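A look at the structure
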Amino acid sequence: MKPQQSDRLFSIQQIQMLERNAKADRHQPSLMELAGKAIFSQALTLIKPGQGPVLLIAGPGNNGGDAMEAAAHLSAAGYTTDMIRIGEDAARSPEAQLALNQALHAPIQHLPADVSLVPSTDQPAYQLIVDGLFGIGLNKPITDAAAQLVAQINNYTAQTGCPVLAIDVPSGLHAETGAIVGGAAGCCIAATHTLSLIGNKPGLHTGYGKQLAGQVLLDDLQLAAVAHSGYVACLTDPAQIECHALSRKAYTHKGSFGDVAIIGAAPGMAGAGILAARAALFAGAGRIFLVQPDTELRLDMLHPEIMCRDARQFEFNKQVIVIGPGLGQEQLAADLLRAALQHPCPVVIDADALNLLATKPELAALLQTRTAAALLTPHPLEAARLLALSTEQVQQNRAMSAKELAQRFGCHIILKGAGSILCGPQDRHYRINPSGNPGLASGGTGDVLAGLCGALLAQGMEVGDAAAFACWAHGAAADELVAAGSGPIGLHASELLPVIRSLLNRLVTGRI
Ligand SMILES: NC(=O)C1=CN([C@@H]2O[C@H](COP(=O)(O)OP(=O)(O)OC[C@H]3O[C@@H](n4cnc5c(N)ncnc54)[C@H](OP(=O)(O)O)[C@@H]3O)[C@@H](O)[C@H]2O)[C@@H](O)CC1
Ligand SMILES: [K+]
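If you look the chain up in an unreviewed UniProt entry, it shows as Bifunctional NAD(P)H-hydrate repair enzyme from Undibacterium curvum.

1. With respect to the sheet that holds strand β12 (residues 307–310)
With mixed pairing, the 11 strands of this open sheet are ordered in space as β1-β9-β18-β17-β16-β15-β14-β13-β10-β11-β12. The open sheet terminates on both sides in strands that have one partner only, identified here as β1 (8–9) and β12. Pairing geometry for strand β14 (residues 347–349) and strand β15 (residues 374–376), over three bridges, is parallel. Looking at β15, one finds that I349 is bridged to L376.

2. Structural notes on the pairing of strand β4 (residues 108–111)
Sheet topology places strand β3 (residues 81–85) next to β4; four bridges connect them, and they run parallel. Residue pairing across strands places D82 opposite Q109, the latter belonging to β4. A crossover links β3 with its parallel partner β4, the connecting element being helix α4 (residues 94–105), and its sense is right-handed.

3. Things to note about unusual backbone geometry
Look at the link from G487 to P488: it is a cis peptide, with omega at 10°. One can find P488 in the loop between α15 (463–483) and α16 (493–508). Phi at A351 is positive, roughly 45°, even though this residue is not glycine. Residue A351 is classed as buried on the basis of its relative accessible area of 16%. Of note, the phi angle at A388 is positive, near 55°, even though the residue is not glycine. Tracing the sequence through the fold places A388 in the loop between α11 (380–387) and α12 (391–396). The class of A388 is exposed, set by a relative accessible area of 69%.

4. Side note on the site of ligand 1
The environment of ligand 1 is formed by 23 residues, the closest being N63, D66, G135, K140 and D168. One nitrogen or oxygen atom from the main chain of I136 is found 3.0 Å from an oxygen atom belonging to ligand 1. Bound to the protein, ligand 1 loses 76% of the 930 Å² it would expose on its own. Of all elements in the fold, only α1 (12–25), α2 (31–44) and α3 (62–76) reach the threshold of two or more residues within the shell around ligand 1. Per-element accounting of the shell around ligand 1 gives the leading share, three residues, to α3. Partitioned by chemical class, the residues of the shell around ligand 1 number 11 nonpolar, six polar and six charged.

5. Topic: the coordination of the potassium ion (ligand 2)
Coordination of the potassium ion (ligand 2) by the protein involves N63 (OD1), D131 (O), F134 (O), I167 (O), V169 (O) and S171 (OG), with metal-donor separations of 2.6 to 3.0 Å. Coordination at the potassium ion (ligand 2) is irregular, judged from the six donor atoms that bind it and the angles of 66 to 170° they form at the metal. All donors to the potassium ion (ligand 2) come from one chain, and their sequence spacing reads N-x67-D-x2-F-x32-I-x1-V-x1-S.

6. Describing the packing of aromatic side chains
Enumeration over the complete set of coordinates arrives at three aromatic pairs. Arranged with centres 5.7 Å apart and planes meeting at 85°, the rings of F314 and F316 form a pair that is edge-to-face. Judged by its relative accessible area of 13%, F314 is buried. Judged by relative accessible area, F316 falls into the partly exposed class, the value being 27%. Aromatic rings pair up to connect F289, F314 and F316 into one cluster.

7. Some words on the domain arrangement of the chain
We note that the domain assignment places domain 1 (5–235) and domain 2 (247–508) within the chain. Summed over both sides, the interface between domain 1 and domain 2 buries roughly 1,200 Å², with carbon and sulfur atoms accounting for 56% of that surface. Looking at the side of domain 1 facing domain 2, the largest losses of area belong to T177, T206 and K210, adding up to 34% of the total buried there. Summed over the shared surface of domain 1 and domain 2, the result is zero salt bridges. Where domain 1 packs against domain 2, one counts 10 residue pairs in polar contact (both at pLDDT 80 or more). Among the elements that line the side of domain 1 that touches domain 2, the one with the most residues is strand β9 (residues 233–235), at three residues.

8. A few points about helix α7 (residues 270–282)
Spanning 13 residues, α7 covers 18 Å between terminal C-alpha atoms, matching the ideal 18 Å at 1.5 Å per step. The element α7 is largely enclosed, with a buried count of 11 among its 13 residues. Every buried residue of α7 is listed here: A270, A272, G273, I274, L275, A276, A277, R278, A279, A280 and F282. One or two residues past the end of α7 sits G284, with phi positive at roughly 95°.

9. Some points on the packing of helix α8 (residues 331–342) against helix α9 (residues 351–359)
The N-to-C vectors of α8 and α9 enclose an angle of 90°; their axes lie 10 Å apart at closest approach. In terms of their interaxial angle, α8 and α9 are classed as roughly perpendicular. Residues A333, A334, L337 and L341 of α8 touch α9, and the partners they reach there are A353, L356 and L357. Its residues assigned to classes, the contact of α8 with α9 comprises seven nonpolar, no polar and no charged.

10. Let's talk about the sheet that holds strand β2 (residues 54–58)
Ordered by their spatial adjacency, seven strands build an open sheet running β4-β3-β2-β5-β6-β7-β8, and the pairing between neighbours is parallel. Every interior strand has two partners, whereas the edge strands, β4 and β8 (215–219), have only one. Shown here is a sheet whose adjacent strand axes are inclined to one another by a mean of 20°, direction ignored. One ladder, built from five bridges, connects β2 with strand β5 (residues 128–132); its direction is parallel. Each bridged residue has a counterpart across the sheet, and for L55 the counterpart in β5 is I129. α3 rests against β2, β3, β4, β5, β6 (164–167) and β7 (193–197) of the sheet, and its axis sits at about 155° to β2.

11. What to know about the nonpolar core
In terms of nonpolar packing, the biggest core is built from 60 residues, with L456, F469 and L496 touching the most fellow members. Breaking this core down by element, the ones donating at least two residues are β10 (259–263), α7, β11 (287–292), β13 (320–323), α14 (445–458), α15 and α16. Considering every element that reaches this core, the biggest residue donor is α15, with 13 residues. Core analysis: the next-biggest nonpolar cluster, separate from the first, contains 51 residues, A58, M68, L128 and L173 among them.

Cut-offs applied
Counting restarts for each chain: residues are numbered from 1 in the order of the written sequence. Following the order in which they are written, the chains are lettered starting with A and the ligands numbered starting with 1. Two thresholds apply to this predicted model, a pLDDT of at least 70 for residue-level local features and 80 or more for giving and counting side-chain atom pairs, whereas whole-chain, interface and lining totals are computed over all residues. Excluding hydrogens and water, the side-chain figures rest on all heavy atoms present in the structure. Pairs of strands are assigned from DSSP output, requiring at least two bridges between the strands. Each helix is a run of DSSP H or I of at least 4 residues and each strand a run of E of at least 2, with the numbering of both proceeding from the N terminus. When the strands point away from the viewer, a crossover counts as right-handed if the route from the first strand across the helix to the second turns clockwise. The classification of residues rests on relative accessible area computed with a 1.4 Å probe and restricted to protein chains. Under 20% of the type maximum is buried, over 50% is exposed, and intermediate values are partly exposed. Near is defined per residue: the residue qualifies when any heavy atom it owns lies within 4 Å of the molecule or strand. Each polar contact in these results corresponds to two N or O atoms within 3.5 Å; when the atoms are within protein, one needs to be able to donate a hydrogen and the other to accept it, and residues that are neighboring in sequence are counted only if both atoms are side-chain atoms. Only the protein chains shown count as cover for residues, with accessible areas throughout obtained via the Shrake-Rupley method and a probe of 1.4 Å. Ten residues, namely Ala, Val, Leu, Ile, Met, Phe, Trp, Tyr, Cys and Pro, are considered nonpolar, four, namely Asp, Glu, Lys and Arg, are considered charged, and the remaining ones, Gly among them, are considered polar. Distances define the donors: N, O and S atoms within 2.8 Å of the metal qualify, as do those within 3.2 Å of Na, K or Ca. Water is excluded, so some sites may look unfinished. Working rule for geometry: tetrahedral if four donors all subtend angles between 85 and 135 degrees; square planar for four, octahedral for six, if opposite donors exceed 155 degrees and the others stay between 65 and 115; irregular in every other situation. Between the rings of Phe, Tyr and Trp (Trp by its six-membered ring), a pair exists once the centres lie within 6.5 Å; its type follows the angle of the planes, with under 30 degrees stacked, over 60 edge-to-face, and the other angles tilted. Domain delimitation in this document rests on an assignment produced automatically or drawn from a domain database. We define buried area as the total accessible area lost by two parts upon association, computed with a 1.4 Å probe and summed across both. The salt bridge criterion pairs a side-chain nitrogen of Lys or Arg with a carboxyl oxygen of Asp or Glu, the two atoms within 4 Å. How far a helix is expected to stretch is found by multiplying one less than its residue total by 1.5 Å. Lines fitted to C-alpha atoms define the axes here, with helix axes fitted over just the stretch in contact, and angles between the N-to-C directions of these axes take values from 0 to 180 degrees. Convention used here: angles under 35 degrees read as roughly parallel, angles over 145 as roughly antiparallel, angles from 65 to 115 as roughly perpendicular, and any remaining angle as oblique. It only takes one pair of heavy atoms within 4.5 Å for two residues to be counted as in contact. As used in this record, nonpolar core signifies buried Ala, Val, Leu, Ile, Met, Phe, Trp, Tyr and Cys residues forming a set joined through side-chain atoms within 4.5 Å.

Listed below in structure tokens is the structure:
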């Protein structure tokens, strides 16, 4: 099924192509005029008349032109409007020159770029800052005067709570990767809202973008062509995922919902395996085995439904395997991973099993030649080990890293972290998971995700769908817990389980 237009995510090149085609086709009103009106309308939802001035930042490119258009509308509507311009006026594009001309003839107070933005008791605080410093044309780190302005704005908003509406993308963020342009050498505006123009963009939903873009809004600037244009990725919409396999018929029995073998829970790390096994239980797998390198645990007292087994005597049968949570990296762990990779059933590879893959080329080669489905669930550090990169390099382009892993190992990938990236080796579009929050940044939540993936595969879901469904439910469970006041502080992995169960039941019966 095709994703909804708002869930489609476009590359910078695709947006620029849409812009070029639109400019060739039409003259009045210009895209910049439409962008200015869209920003003005959005700003009106965040401000109130008589409640303090609005500050607009206009950079050297067309992002700045959009800000100048919006400024003219705001001042015409009676709002006290201040503007800071960066860049040579003579070097602006023709549309931006027109916008500048309007802004210069409107009752707008033009402030120098090095003005001191300090909240004071003498004058009313800004009720909104509109960030039009840089958009998709940012091609190097923000430095010098522009960087000082970014720092001032971030300080000001941190002190006052003033909202920031970013035009198209928070200035400093790479609209495609979600990284800060230039990494530590760059900087970025922290927006509370971002109005993405023409199409939605991947960088607003993953990595730093997930935090710095704030709430993402969309205006297609009346470009009908967006609906037919190519896109690079989409946001997961759980309602669009084929989950028929999970619905229960009256004549089914426990054998109908598959067996999951969690291989892990080595001495000292039993909790990771238990959490994965419990997640498989709460997500509806028919039978769950917890297979341990040393049978430290004979029974999960809280969930005796889980069958604890000794790995040395375990017979691989038709189970879906989840290998890694608390597995360790001893010789027996490597032998178990070899057996799992040779097993002709779906396998989920997590945690220590990923670290073993990174250090043992013969195991990586087995994975590459395997025909049954394989799903790898690395966090950025595990992905970095698999790709022989640094974590920073992985995070600089999360989608590229996930795609590289999918290609290299011929399997499906969930690259975890803010805005998890999902892709398979044959996928034309990757996915970004929109649910979840920092409450998930605690030990054991990854084990829960791995067990959940295993349970969905055991029930017959296709691997890409299972990964997307699992990621969404995992993140949405954390969101529900935060909404109920049980996080993000102190949210822990075990709490996710009943909420995931409830979400899956609601999803399958169309109540979400
Ligand atoms: N085109 C259209 O019809 C429409 C465009 N729209 C809007 O325009 C935005 C894209 O506009 P844009 O392409 O002009 O890019 P933008 O991000 O404003 O800035 C580029 C300028 O910044 C400069 N520069 C770059 N990095 C720098 C740095 N670190 N430090 C200093 N300078 C730096 C760069 O200089 P250069 O490197 O080229 O010398 C160039 O001058 C888009 O996000 C959307 O808001 C919409 O209104 C729809 C219609
Ligand atoms: K911006």
